[in-house]
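Each chain is listed here by its residues.
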Amino acid sequence: MLDPRQATPAAVVAHTPQRGAYDYVIDQFLDGGAVAFNGTPQNFSWTQWDGPDVLFGGGGKDFVPKASNKNVSKIDRFLERGYQWSTTNSTLAELDNSKRALGLFSDSNLPTWLDRHVYTDNLASFGAWAPENKTFTAPTTDVPGLKDMTLKALDILHTRSKHDGTPFMMMSEAASIDKCESARGRIPAAHAPLS
């Protein structure tokens, strides 16, 4: 849940030979196998796909229009499909549990618990949604942690599952452990599960 474009969360619904093909991965969240990879049509027609019920995390910079995605707003594509959208912890809490949701809370990786509660000066290096220019360049202040996102996702999935009479599957990843271990050392990694 920390960055839906990354390998573990994306592997639940996307198929690509290139781990960093973020635009392609994001398109597959919405279109499944109907998306061509580098001009090669894909055929994953064994299942009907209408997109995930919940997608929360960072990586917002790859959802805004840019040259690599042909200047298409992936956010707008989710909204056109009826998704709610959240960019802060406050708006996350307000999401309707009966509707699908997209939550993008940072330009790339999300701040860890230590960033949000102890080393708050670090928040300046994380980009949040800036509605005035529709990018992830605003100062980060009100960011959910893994616990907040996971609990809200469970609320939405449980409500939708109960209404539809279908089971659900959820993947929630504490990716901060890996990122802290490699980038900052063992002390931040030990606190990552608090995120």
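Higher on the page you've got the structure.
Residues numbered from 1 in each chain as written. Predicted model: local features only at pLDDT ≥ 70, side-chain atom pairs only at ≥ 80, totals over all residues. Heavy atoms only, no water.

As a further point, take the overall build of the protein. Within the protein one finds 8 helices and 5 strands. The helix and strand sequence of the protein, counted from the amino end, reads α-α-β-α-β-α-β-α-β-β-α-α-α. When burial is assessed residue by residue, the protein has 47% of its 195 residues classed as buried. Long-range pairs, those at least 24 residues apart, make up 58% of the contacts in the protein between residues at least 6 apart in sequence. About 10,100 Å² of surface is accessible on the protein, with carbon and sulfur atoms providing 52% of the total. (Helix = DSSP H or I, 4+ residues; strand = E, 2+ residues; numbered from the N terminus. Buried < 20%, exposed > 50% of the residue type's maximum accessible area, 1.4 Å probe, protein only. Contact = heavy atoms within 4.5 Å. Areas by Shrake-Rupley, 256 points an atom, 1.4 Å probe, with all protein chains shown as cover.)

Here we take up the sheet that holds strand E3 (residues 101-104). Spatially, E1-E3-E2 is the arrangement adopted by the 3 strands of the open sheet, whose pairing is parallel. In this open sheet, the two strands that pair with only one neighbour each are strand E1 (54-57) and strand E2 (84-86). Taken over all neighbouring pairs, the strand axes of this sheet differ in orientation by 15° on average, direction set aside. Here 3 bridges tie E2 to E3, and the two strands are oriented parallel to one another. By the bridge assignment, Trp85 is partnered in E3 with Leu102. Packing against the sheet, helix H6 (residues 146-164) makes contact with E1 and E3, and its axis sits at approximately 175° to E1. (Pairing = 2+ DSSP bridges. Axes fitted to C-alpha atoms, helices over the stretch in contact; angles between N-to-C directions.)

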